[in-house]
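As a plain string of letters, each chain reads:
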Amino acid sequence: MEFTVRQIAALLDGEVNGDDTLTVSRLAKIEEATTGSISFLSNLKYEPYLYSTGASAVIVDRSFTPREPVAAALILVENSYSAFTRLLEEYHRQLTFARVGIEQPTYLHASSQLGEHVYVGAFAYVGKNCRIGSNVKIYPHVYIGDNVTIGDNTVIHSGAKLIDNTVVGKFCVIHPNAVIGSDGFGFAPQPDGTYKTIPQLGNVILEDFVSVGTNTTIDCATMGSTIIRQGAKLDNLIQIGHNVEIGRNTVIAAQTGVSGSTKIGENCVVAGQVGFAGHLIIANNTRFGAQTGVSKSVKEEGQSLNGSPAFDLKDSLRAAAVHRRLPDLERRLIDLEKEVQRQQRTESGQA
Amino acid sequence: MEFTVRQIAALLDGEVNGDDTLTVSRLAKIEEATTGSISFLSNLKYEPYLYSTGASAVIVDRSFTPREPVAAALILVENSYSAFTRLLEEYHRQLTFARVGIEQPTYLHASSQLGEHVYVGAFAYVGKNCRIGSNVKIYPHVYIGDNVTIGDNTVIHSGAKLIDNTVVGKFCVIHPNAVIGSDGFGFAPQPDGTYKTIPQLGNVILEDFVSVGTNTTIDCATMGSTIIRQGAKLDNLIQIGHNVEIGRNTVIAAQTGVSGSTKIGENCVVAGQVGFAGHLIIANNTRFGAQTGVSKSVKEEGQSLNGSPAFDLKDSLRAAAVHRRLPDLERRLIDLEKEVQRQQRTESGQA
Amino acid sequence: MEFTVRQIAALLDGEVNGDDTLTVSRLAKIEEATTGSISFLSNLKYEPYLYSTGASAVIVDRSFTPREPVAAALILVENSYSAFTRLLEEYHRQLTFARVGIEQPTYLHASSQLGEHVYVGAFAYVGKNCRIGSNVKIYPHVYIGDNVTIGDNTVIHSGAKLIDNTVVGKFCVIHPNAVIGSDGFGFAPQPDGTYKTIPQLGNVILEDFVSVGTNTTIDCATMGSTIIRQGAKLDNLIQIGHNVEIGRNTVIAAQTGVSGSTKIGENCVVAGQVGFAGHLIIANNTRFGAQTGVSKSVKEEGQSLNGSPAFDLKDSLRAAAVHRRLPDLERRLIDLEKEVQRQQRTESGQA
């Protein structure tokens, strides 16, 4: 996408100082920008770059006065940093929703309905009785099984798989090769040592504004639903077991695993590589450090936990500090034992 | 799929009390069931729901007598819980094997053979010299390389990749985006600090009744075979390295990693996020707690291990309990040291 | 691929003792080889197999003299082990680069350029303005977005996804279902508890000779580039966050995660399931044990670290040994406390 400096200034309620007919097509840091880029100057530490940058345009604060001549067109705004952020978001929004239409070949079952302005990439598959909202973007190699519902403005990236009966809300983003709704891990042990598969007949529900990371897997419920509540954000390579529930606005970092039937509350923050046992209930506003092992429910809200098994974050850091000194502690304990025994013998001798 | 209450009663050797011409198409919990659903009542705690449920039919024990009028048709059986389980399994089986035929477009090399009643979804790829058994279900976006053999009644879900020379047994299930037979991680360090790739020319063998989870990766052997024995069940996002062997009926939970050439015995139970070093031998019937780090072979059968590095489960829980009190222990040790030094000084003063 | 014994002898500068018109098509261990296989004998422990092997040909040292009759043709070379390794590499190279041509159907945008001798498998997708080098192999179900550059001799396996603006060097291997360039995990917390997506507009650069494992995910930079330097090797199911940099010839084992903006130096060796916090700088030649949790930068080169949180490997093994004895240590501490108190009381009594 290409814009003139004038168009961008209009979008940002800014004023142009320089050639407003120049075109820009990229956003870049001021120290790395080349012709065709737009950049910004907020922290004055970077001011020297303004006089040497290759950027075609630079957004600056209205209050700023250059001390040397500037080759780039300047766009003067109230706050250059927040204006640049707005520009990033607008650019991202346009990139995301620019794709419209159905590439060939695709497999779209006749019983499924597509909303307006959808994009369906080549080699995408949509099964029976699906309802796909407006502005939905379905990238190449996406698989959508039967009876799947997808809300407006949701983006499903290449290679993601939505298994039968999955329900996805509005404004969700499902990243490449994520799998939603595959079978939970349920096997009943038999007397002869083998395992019988427990049929997994439930589904997965993603509410609105949910983000599911690349190669993340969310298993369907055995019966009922695995649920990711509104605004929850899941990073890459996460495992969500069957019948799990993740609360509103909870954020989970990469490679964390949540075992079956665990319910994590709202506004929790879970770092990377954390593991949750099954059938736990985690209170709202709980925070977990990286690699924490959570084997018990958390009843009190607002705690920070760490370690495997998990306990209070500060206590765990103190314990970890002593842990490093364990060989020294053991040596000192042995010395004490010897000294106390010596004193004991002396005492006996005295007696 | 839709069935009449009469058909279901016949399947379950049950008797109908009510309208046996009603149709049902879904299974549901009694407290959540709506018209068109069939449910069951086993635990009498749930009896009140029987009188208000929206279910079209409910399976109950023959010995049960309702205290109030029931709108749903009742199916009377010996044991309502096990009858419902049979129904779940039958429903699941029919769902799984209902798909037959070849969708378009697909890529099927002429040199490969397909058995009877197979399903091949659109955009599936089958390379040269493959032998695909009967009742095999190959979902959209599956990739099957050259010289792959797949036994009867195996299901391969969307996006799974079976690389050249993979052998899959009967009644296996390979979940979406799992990858079987890609290169092992083998690199020979060179004098200049670079690494040379060690060609990985072996394959992967899955015996019968193996389950491979979503986004799980099983590397081919350097030479010979990586083997998953009969009835082993692997959850999601697991890494199985080259030349590994997983014993019969061993169950491994999500995000566990097994390094190259390690052999895990039969009937082991491995929890989530466990890591195994390479070249280990693990005895039969060993159990591993979540996040265990296994750096040594396990020779004695039937142990339960935990912790990183791994040791006896009960001992590890006791050590973890003391670990939390380490800062207190260190303080007490320091107090003792002071007291003993004081006593020493007193003793010297006495001398 | 099939070769005569004579062709192989010529490749290896060897001499044939036996029938040089036999054909072989497989490489195998001497104890497992069957007709049509070629094997080698280096370690004389395996000599007995030479007299019973089913191999059609066996590579042996020129200095070796059989004590019994051998059915297989012998290929005599200076060093049978290194000759066999050369054969493996040549076989692997031929296997890798044998595929040429464009299968149907594929989606290749007209604005993209393909080099010579490329392979594009069925159902592969190449977006706008891509430049694909010579000898590049693009397997079925690969997705290549817009503005992607791929250097000569790079292989991209089935189901891998290269998102817009990714740059891949020469002689790289990208394994199945790996995802390169998807959005980093960036969300700005809002006053109402929700999160706003921070647009991720940067890209990923893989330099030459990089290997990316199966189902591994490498996020694009927020702005600028996530960079994997020349010769770095990443195993399966690894997470590389946005704006990370991995140094030259650094090797990372499976299921490790590197959080955003961390820079790992050159020639590091990272074992499996290691976690790195964000914004760290790791010195060259650092080694990390399995499951290490790295929360601080490493300034001094050449260290070996282990544990969570990480410290010196040897110290961590010593601390872990004491950790197992913690319940015993606590008991001994309590005994000492009692004894010292008793002595204290005795002393007071004496006073």
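With an unreviewed UniProt entry as reference, chain A is termed UDP-3-O-acylglucosamine N-acyltransferase, source organism Fibrella aestuarina BUZ 2. In its Function (unreviewed entry) section, the UniProt entry covering chain A states "Catalyzes the N-acylation of UDP-3-O-acylglucosamine using 3-hydroxyacyl-ACP as the acyl donor. Is involved in the biosynthesis of lipid A, a phosphorylated glycolipid that anchors the lipopolysaccharide to the outer membrane of the cell." Looking at chain A in UniProt, the text filed under Sequence similarities (unreviewed entry) is "Belongs to the transferase hexapeptide repeat family. LpxD subfamily."

Chemist: What is the right way to read the overall build of chain A from this model?
Modeler: Secondary structure assignment for chain A yields five helices and 40 strands. Relative to the 2.2 N^0.38 estimate, which gives 20 Å for 351 residues, the radius of gyration of chain A is 29 Å and therefore markedly larger than a compact globule would have. When the backbone C-alpha atoms are referred to their principal axes, chain A occupies close to 105 × 65 × 30 Å. Taken across its 351 residues, chain A has 55% of its residues classed as buried. Here chain A contributes 31 positively and 36 negatively charged side chains, and the mean placements of these two sets differ by 5 Å.

Chemist: Where do I start with the domain arrangement of chain A in this structure?
Modeler: Size of an interface, as often reported, equals the accessible area lost when the parts are brought together. On domain assignment, one finds that chain A holds domain 1 (3-96) and domain 2 (160-309). Relative to domain 2 of chain A, the C-alpha centre of domain 1 of chain A lies at a distance of 42 Å.

Chemist: Help me out: how do you make sense of the sheet that holds strand β5 (residues 37-41) of chain C in this one?
Modeler: What links the strands of a sheet is backbone hydrogen bonding, and the strands pair in either a parallel or an antiparallel sense. Residue and element names in this part refer to chain C. With respect to topology, five strands assemble into an open sheet ordered β2-β7-β6-β5-β4, the strand pairing being mixed. Of all strands in the sheet, those with a lone pairing partner are β2 (15-17) and β4 (26-27), marking the two edges. By the bridge criterion, four bridges tie β5 to strand β6 (residues 57-61) in an arrangement that is parallel. Paired with Ser 39 across the strands is Val 58, a residue of β6. Against the sheet, helix α3 (residues 80-97) engages β4, β5, β6 and β7 (73-77), with an angle of about 150° to β5.

Chemist: I would appreciate a short explanation of the interface of chain A and chain B in the present structure.
Modeler: The partner chain B presents 57 residues to the 64 residues of chain A that form the contact. Between chain A and chain B, roughly 4,700 Å² of surface is buried when both sides are summed, and carbon and sulfur atoms account for 61% of that area. If you look at where chain A meets chain B, you find five salt bridges. Of the charged contacts, one joins Lys196(A) and Glu89(B) as a salt bridge, the two residues approaching to 3.7 Å between their closest N and O atoms. Between the two partners, chain A and chain B, sit 31 residue pairs in polar contact (both at pLDDT 80 or more).

Chemist: Is there a simple way to explain the relation of the copies chain B and chain C in this structure?
Modeler: Two copies of the chain are present, and they differ by a rotation about an axis and a shift along that axis. For the pair chain B and chain C, the best superposition has an RMSD of 0.1 Å and corresponds to a rotation of 120° with a translation of 0.0 Å parallel to the axis. Here the transformation between the copies is reduced to the relation of a three-fold axis.

Chemist: I tried to follow the sheet that holds strand β24 (residues 203-206) of chain B on my own but got confused; where do I start?
Modeler: All names here are of chain B. With parallel pairing, nine strands are arranged side by side in an open sheet as β10-β13-β16-β19-β24-β27-β30-β33-β36. What marks the edges here is a single partner per strand, and that holds for β10 (113-114) and β36 (281-282). With two bridges connecting them, strand β13 (residues 131-132) and strand β16 (residues 149-150) associate as parallel partners. Bridge assignment links Arg 131 to a residue of β16, and that residue is Thr 149.

Chemist: Is there a simple way to think about the interface of chain B and chain C in this case?
Modeler: Facing the 64 residues of chain B at the interface are 58 residues of chain C. With both chains or domains summed, chain B and chain C bury close to 4,700 Å², and 61% of this area falls on carbon and sulfur atoms. Between chain B and chain C we count five salt bridges in total. At the boundary of chain B and chain C, one finds 31 residue pairs in polar contact (both at pLDDT 80 or more). Broken down by element, the side of chain B that touches chain C gets its largest block of residues, 11 residues, from helix α5 (residues 326-350) of chain B. Looking at the side of chain B that touches chain C residue by residue, the classes come out as 28 nonpolar, 25 polar and 11 charged.

Chemist: When you look at a nonpolar patch on the surface in this model, what are you seeing that I'm missing?
Modeler: Among the surface-exposed residues, Ile102(A), Leu108(A) and Leu114(A) lie close enough to one another that they form a single nonpolar patch of about 200 Å² accessible area. Tracing the backbone through its elements, the reader meets Leu114(A) in strand β10 (residues 113-114).

Chemist: Sorry if this is basic, but what is going on with the nonpolar core here?
Modeler: One recurring pattern in soluble globular proteins is that nonpolar side chains are buried together. All names here are of chain C. Counting 74 residues, the largest nonpolar core has Ile 144, Ile 174 and Leu 206 as the members making the most contacts within it. If you list the elements that add at least two residues to this core, you get β11 (119-120), β12 (125-126), β15 (143-144), β17 (155-156) and β24 (203-206). Each residue touching Ile 144, except ones within four places of it in the same chain, is listed here: Tyr 125, Val 126, Gly 127, Cys 130, Ile 132, Ile 138, Ile 150, Ile 156 and Leu 162.

Chemist: For this particular structure, what's the right way to read the UniProt feature "coiled-coil region" (unreviewed entry) in chain A?
Modeler: Per the UniProt entry, the sites bearing "coiled-coil region" (unreviewed entry) are residues 319-346 of chain A in this numbering. Taken end to end, residues 319-346 of chain A has its terminal C-alpha atoms 37 Å apart, with 96% of it in helix and 0% in strand.

Chemist: Just checking my understanding: could you explain unusual backbone geometry for this structure?
Modeler: Glycine aside, residues mostly have negative phi, and peptide bonds are mostly found in the trans state. In this structure, Pro309(B) follows Ser308(B) across a cis peptide bond, with omega equal to 0°. Pro105(C) follows Gln104(C) through a cis peptide bond whose omega is -5°. As for its position among the elements, Pro105(C) is in the loop between β8 (101-102) and β9 (107-108). For Phe123(C), which is not glycine, the phi torsion reads 70° and is therefore positive. Along the chain, Phe123(C) falls in the loop between β11 and β12. Looking at Phe123(C), the relative accessible area reads 0%, which means it is buried. Unusually for a residue other than glycine, Gln273(C) sits at a positive phi of about 60°. Take Gln273(C): it is sitting in the loop between β34 (269-270) and β35 (275-276).

Definitions and limits used
Residues numbered from 1 in each chain as written. Chains lettered and ligands numbered in written order. Predicted model: local features only at pLDDT ≥ 70, side-chain atom pairs only at ≥ 80, totals over all residues. Heavy atoms only, no water. UniProt positions renumbered as here; feature names shortened; annotations may be inferred. Helix = DSSP H or I, 4+ residues; strand = E, 2+ residues; numbered from the N terminus. Rg over C-alpha atoms; globule rule 2.2 N^0.38 Å. Buried < 20%, exposed > 50% of the residue type's maximum accessible area, 1.4 Å probe, protein only. Lys, Arg positive; Asp, Glu negative; His and termini not counted. Charge placed at Lys NZ, Arg CZ, Asp CG, Glu CD. Domains from an automatic or database assignment. Pairing = 2+ DSSP bridges. Contact = heavy atoms within 4.5 Å. Axes fitted to C-alpha atoms, helices over the stretch in contact; angles between N-to-C directions. Buried area = accessible area lost by both parts, 1.4 Å probe. Salt bridge = Lys/Arg side-chain N within 4 Å of Asp/Glu carboxyl O. Polar contact = N/O pair within 3.5 Å; in protein donor to acceptor, adjacent residues only side chain to side chain. Least-squares fit on C-alpha atoms with pLDDT ≥ 70 in both. Nonpolar A, V, L, I, M, F, W, Y, C, P; charged D, E, K, R; others polar. Patch = residues over 30% accessible without salt bridge, like charges linked within 9 Å, V, L, I, M, F, W, Y side chains within 5 Å. Areas by Shrake-Rupley, 256 points an atom, 1.4 Å probe, with all protein chains shown as cover. Core = buried A, V, L, I, M, F, W, Y, C linked by side-chain atoms within 4.5 Å.

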